[in-house]
Amino acid sequence: MQFELINVEKFYQASEENKVYGARNVNLCIPEGEFMALVGPSGSGKTTVLNLIAGLILPTGGSLKHGGSDITSLSLEERTQHRLDYMGFIFQDYQLLPILTAEENIEFPLQLKGFTQQEIKERVSWALKQVGLEKMGKRFPKQLSGGQQQRVSIARAIAGKPQLILADEPTANLDSKTAQEIIELFLKLNKDFKLTFVFSTHDQRLIDQVRTVLYIKDGQITETRTHNV
Ligand SMILES: Nc1ncnc2c1ncn2[C@@H]1O[C@H](COP(=O)(O)OP(=O)(O)OP(=O)(O)O)[C@@H](O)[C@H]1O
Ligand SMILES: [Mg+2]
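Please read all numbers here as calculations on a predicted model, not as lab measurements.

**Student:** How do you make sense of the nonpolar core when you look at a structure like this?
**Tutor:** Nonpolar side chains in soluble globular proteins tend to be buried together. Ranked by internal contacts, the top residues of the largest apolar core, which has 55 residues, are Val-49, Ile-53, Ala-127, Ala-155, Ile-165, Leu-166 and Val-198. Looking at this core, the element that brings in the most residues is helix α5 (residues 146–159), giving six residues.

What follows is the structure, given as structure tokens:
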């Protein structure tokens, strides 16, 4: 099922007469298996577009669809459930809970999804294996490097077997070698499981490896480039 943004607009009301556009005339089709990057300067609207796709914020105009059904017409609870069912999230600063081990961090959203203890155990070990951290499950975040913490957060995002991974500047806190390794892991997960990726980045060096690159400026997509990768 594909995600679609049709003529999406999102403005923030900075003051009574001052609207700030985070997204404008955004038309976007994200088919299953897509590998897409949003690239643009600070304040261009990358986070806004990711939050719109996630249904975390609602557009002020246009519509948002998944598999042809309108997401914007769902209730808050239905949208939360929809997100839990179909999406995984990765953040710039990993957002791991410091008091939980790597395993427990991965377990947490699975418990919210209502899996049995046995399923949770299997999924956690599957996810840790996918990111190459089978032996690190008992460690706390502060006992892991930045790259390893990001791998734990990737394991957490994929453990529920979502359709779509959304990642906001996932490599921004990492050195270039580790950033490259993280992108390679994304590419592997995309290839092996047809997992769809949409992520934002500032990093020009990563862009050539991405199938679809959307350049965004002042909330508008100014250019789309497709690479054969
Ligand atoms: N909650 C908000 N209230 C008011 N304005 C906002 C809000 N969130 C974002 N904006 C504005 O919307 C525009 C797009 O912001 P957004 O965070 O989407 O950009 P970005 O491309 O993610 O930037 P960065 O690279 O710095 O993370 C900016 O002008 C920003 O100031
Ligand atoms: Mg941002």
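**Student:** Is there a simple way to explain helix α1 (residues 46–54) in this structure?
**Tutor:** At 3.6 residues per turn, the α-helix brings residues three or four places apart onto the same side. α1 sits mainly inside the fold: seven of its nine residues count as buried. Of the positions making up α1, those classed as buried are Lys-46, Thr-48, Val-49, Leu-50, Leu-52, Ile-53 and Ala-54. Immediately beyond the C-terminal end of α1, within one or two residues, lies Gly-55, with a positive phi of roughly 70°.

**Student:** So what exactly am I meant to see when it comes to the packing of helix α4 (residues 117–130) against α5 here?
**Tutor:** In a pair of packed helices, the angle between the axes and the distance between the axes together describe the arrangement. Direction vectors running N to C along α4 and α5 enclose 130°, while the axes themselves pass 9 Å from each other. By the angle between their directions, the pair α4 and α5 is classed as oblique. As for how α4 packs across α5, the hand of that crossing is right-handed. On α5, the residues that touch Arg-123, Val-124, Ala-127, Leu-128 and Gln-130 of α4 are Ala-155, Ile-158 and Ala-159. Here the contact of α4 with α5 is composed, by residue class, of six nonpolar, one polar and one charged.

**Student:** What is the right way to read the environment of Arg-79 from this model?
**Tutor:** Assignment of secondary structure puts Arg-79 in helix α2 (residues 76–86). Residue classification places Arg-79 among the partly exposed residues on the basis of 18 C-beta atoms within 10 Å. Remark: the alpha-carbon pair of Arg-79 and Ala-54, spanning 25 residues in sequence, is separated by 8.8 Å. The residues touching Arg-79, leaving out its near neighbours within four places in the chain, are Gly-55, Ile-71 and Leu-74.

Criteria and cut-off values
- Residues numbered from 1 in each chain as written.
- Chains lettered and ligands numbered in written order.
- Predicted model: local features only at pLDDT ≥ 70, side-chain atom pairs only at ≥ 80, totals over all residues.
- Core = buried A, V, L, I, M, F, W, Y, C linked by C-beta atoms within 7 Å.
- Buried ≥ 20, exposed ≤ 12 C-beta atoms within 10 Å, placed from the backbone.
- Helix = DSSP H or I, 4+ residues; strand = E, 2+ residues; numbered from the N terminus.
- Axes fitted to C-alpha atoms, helices over the stretch in contact; angles between N-to-C directions.
- Parallel < 35°, antiparallel > 145°, perpendicular 65-115°, else oblique.
- Left-handed = near helix turned anticlockwise from the far one by under 90°.
- Contact = placed C-beta atoms within 7 Å.
- Nonpolar A, V, L, I, M, F, W, Y, C, P; charged D, E, K, R; others polar.

In short, geometric facts, not functional conclusions.
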